[in-house]
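# Geometric and topological summary
Okay, here's what each chain looks like letter by letter:
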Amino acid sequence: MNKLAIITGFLGGVKNRYITYEPDRDLVEKFKLAAQINALEGFELCYPADFSDIGLLKKLLSDYGYGVSAVNVRTRRTGKWWRGSFTSSHQQERMEVVDEIKEAMDATREVGAARITTCPLNDGHDYVFEMNYIDAYRYAQETFSAICEYDPGIKLCIEYKWNDPRTRCFFASAGETAAFCNAVGADNLGATLDIGHSIQTGERPAQAAALLAQAGRLFYVHLNDNDRNFDWDLIPGAYHFWEFIEFFFYLKELGYTDDWYAYDVMSKEIDTVETFNTVFDITRKLEKLSDGIDRSAAKSLMQERNPAKIMRFLYETVI
Amino acid sequence: MRRWKYTANASFYGLRRDRFTQYQPAASVREKLERVIATPGITGVELKYPYDFEDPRLIRQILDDSGISVSAVNVDIKDSEHFRFGALAASDKTARDKAFELLTAGMDLAAEFGSDLVSTCPLADGYDYPFQLDFTEAWGFFIETVSRVCRYRGDVRLALEFQPHEPHAHILLNNVGKMLHVCAEVGLPNLGANLDVGHSFAALESPAESAALLAAKDRFFYLHASDNTGDGGDWDMLSGSVHFWHWIELLLTMDRVGYEGWIGADLMAKFGTAQNFYSTNVKLINGMITLIENVGVGELHRLISESGSTTQVYDLMADRLERLSQFPAD
């Protein structure tokens, strides 16, 4: 069974461009808050924010008994790498991100994890003629290749996304990400499939999972939901109930079963603890509903490709 | 072709952030106003209430002799302290009363500063999930609160700025149709719209059509210029940088319906300065107006009024662009 982790950033300082909903919290406060959430088993830690005192971090993890699903290297930040890091036209900025992720790889080993995820949010563009795409792909290949070579035992995951804060991110889809990973060719380079990003970018998440797995690049999964218009980080299943049922069905098929789900869910005006308790209970409920599907019957119906029969089967057997 | 005055939104000259990044540092009201005054092409300023009005005398002092007038007071009714669960449509009367208090105070300030316009974007009034709001109750409160505000004083107009989403997945006032519905329900002449062009694109509208609909009911009070990629995000980009032809159509329509208000703008200067973005925006809109004049306003209207003449309209504009491109650079 996949374990449940929260990205620490969602336990404090929850805000958007208009409203700050929750105050900033330090690491100790985040652990205290997390301890009130039932069923939580670990964190996706944010780098560098959570690593200013690695001794304290390790002590808190040990004291509370939490695991680490991955380390999230924030390659977008205020005052640095404004025009991207992996694809920056400045060599110095590309070298800085390579060096920083190498350091993060060492820190990842120190906290007992083997996976780094990063969402290259500032690698992208707002306007036409703003970015030289040909150069950008070359730069990205060089930087990711250099990082992957440093420690092949750490998986490096690109979390693709359609937009925000740029109007178009550089890695927007499973297809673009898989093709890029294959072009780099490193075995430890893959994708974080954030189901909300997948939905927003127009994918069927189960299909994206199948594509990435076939390319050997399905490394990690984030759960949340949205209405396809924007990455709202809502409660899983609030909008895409059947997509979640199908997604969980496929994760089992693809062998993503003894790993982690990490959550980026915005509690916004609602209490954070209450939100994540609901999120986790719903996840297990959706898994259970998906597990209730008779796999051989479903596969046989998929062979027929008759939606009238498939929908009847789903409504009769799942709910 | 009609020309319009340009006004800048002072908020965009100070701290700018999104959920991930802070782009520009905070600035004092004095700094923001001085930057607006120094922006070529700008003769008005839209100020935010309550944040910009801690010292109204200071504003008056800076604006006096600057040639800059207050185009509108923009009242903020979306903070998480008072409006966590809504403002105009909140089920909690305290929140609705607070929204009323802020909006009417904004009206008084607008009048004091020689403007007759308050604008507000009711973004706290929205929802993320099915079953989150009682729509019947929420819309009832929305119309009731707006009516109260409009009745407070008839000599100041209230412009509501519709936006499809953000920070909620759904905003109650999310398109021009609902905007007109609210105007009809309230039934007072001092209620109208701030047509934010980017919001209109995000709502999958053609802003020219929205302008025509609003003008037909005397509800086209104010305009925020901007642009975006049309896939839902309100990116506050330079006007015409994505929807060039839609912008031409909008300007032609504004001329036709006799729009007499300001051209304001929401422009996100992630990199560079707000002054540069606002002055470039003025140049872009002036350039588009000049192009329309060169093509011929009367001829365009004549062709558009004829069914099946779309290719002729584009032919006319393409011919003009081709002739322009043949001119030697000076």
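The structure displayed is predicted, hence computed values, not measured ones.

### Quick word on the overall build of chain B
Per the secondary structure count, chain B includes 11 helices and 12 strands. The globule rule puts the C-alpha radius of gyration for 330 residues at 20 Å, and the 20 Å found for chain B is close to it. Across its three principal axes, chain B shows a C-alpha extent of roughly 65 × 45 × 40 Å. Sorting the 330 residues of chain B into buried and exposed places 47% on the buried side. For chain B, the share of sequence-separated contacts (at least 6 apart) that also reach a separation of at least 24 residues comes to 74%.

### Quick notes on the overall build of chain A
Counting its regular elements, chain A contains 11 helices and 10 strands. Taken over C-alpha atoms, the radius of gyration comes to 19 Å for chain A, in line with the 20 Å a tight globule of 319 residues would show. Seen through its principal axes, chain A has C-alpha atoms that stretch 60 × 45 × 40 Å. Going through the 319 residues of chain A one by one, you find that 47% of them count as buried. A separation of at least 24 residues holds for 76% of the contacts in chain A among residues at least 6 apart in sequence.

### Digging into the sheet that holds strand β2 (residues 42-47) of chain A
Residue and element names in this part refer to chain A. Strand order in the closed barrel formed by 8 strands is β1-β2-β3-β4-β6-β8-β9-β10, and the pairing between neighbours is parallel. Going from strand to strand, the sheet's axes swing by 30° on average, the running direction of each strand aside. Running over the sheet, helix α5 (residues 174-184) touches β6 (155-159) and β8 (189-194) and is turned about 165° from β8.

### Quick notes on helix α5 (residues 176-186) of chain B
Residue and element names in this part refer to chain B. Of all the residues in α5, the buried ones are Val 176, Met 179, Val 182, Cys 183 and Val 186. Viewed end-on, α5 has its buried residues packed into an arc of 115°, placing them on one side of the element. On its buried face, α5 is in contact with α4 (135-152), β8 (157-160), β10 (191-196), α6 (197-202) and α7 (207-216). Two residues or fewer after α5 comes Gly 187, characterised by a positive phi angle close to 70°.

### Description of unusual backbone geometry
At the junction of Tyr 47 of chain A and Pro 48 of chain A, the peptide bond is cis and its omega measures out at 10° in the coordinates. Relative to the helices and strands, Pro 48 of chain A resides in the loop between β2 and α2 (54-64). The omega angle of the peptide bond from Asp 164 of chain A to Pro 165 of chain A is 5°, so this bond is cis rather than trans. Residue placement: Pro 165 of chain A occurs in the loop between β6 and β7 (168-169). Phi is positive for Leu 204 of chain B, which is not a glycine, with a value near 65°. Mapped onto the elements of the fold, Leu 204 of chain B is located in the loop between α6 and α7.

### Focus on the interface of chain A and chain B
How big an interface is tends to be stated in terms of the accessible area lost upon association of its parts. Each partner contributes residues to the interface: chain A has 26 residues there, and chain B has 25 residues. Taken together, the residues of the side of chain A that touches chain B sort by class into 11 nonpolar, 7 polar and 8 charged.

### A word on the environment of Tyr 23 of chain B
Residue and element names in this part refer to chain B. One can find Tyr 23 in strand β3 (residues 22-24). Look at Tyr 23 and you get partly exposed, because 17 C-beta atoms sit within 10 Å. A sequence separation of 249 residues divides Tyr 23 from Gly 272, and the C-alpha atoms of the two residues are 9.6 Å apart. Excluding anything up to four places from it in sequence, Tyr 23 contacts Arg 16, Arg 17 and Lys 270.

Criteria and cut-off values
Residues numbered from 1 in each chain as written. Chains lettered and ligands numbered in written order. Predicted model: local features only at pLDDT ≥ 70, side-chain atom pairs only at ≥ 80, totals over all residues. Helix = DSSP H or I, 4+ residues; strand = E, 2+ residues; numbered from the N terminus. Rg over C-alpha atoms; globule rule 2.2 N^0.38 Å. Buried ≥ 20, exposed ≤ 12 C-beta atoms within 10 Å, placed from the backbone. Contact = placed C-beta atoms within 7 Å. Pairing = 2+ DSSP bridges. Axes fitted to C-alpha atoms, helices over the stretch in contact; angles between N-to-C directions. Arc of directions from axis to C-beta. Nonpolar A, V, L, I, M, F, W, Y, C, P; charged D, E, K, R; others polar.

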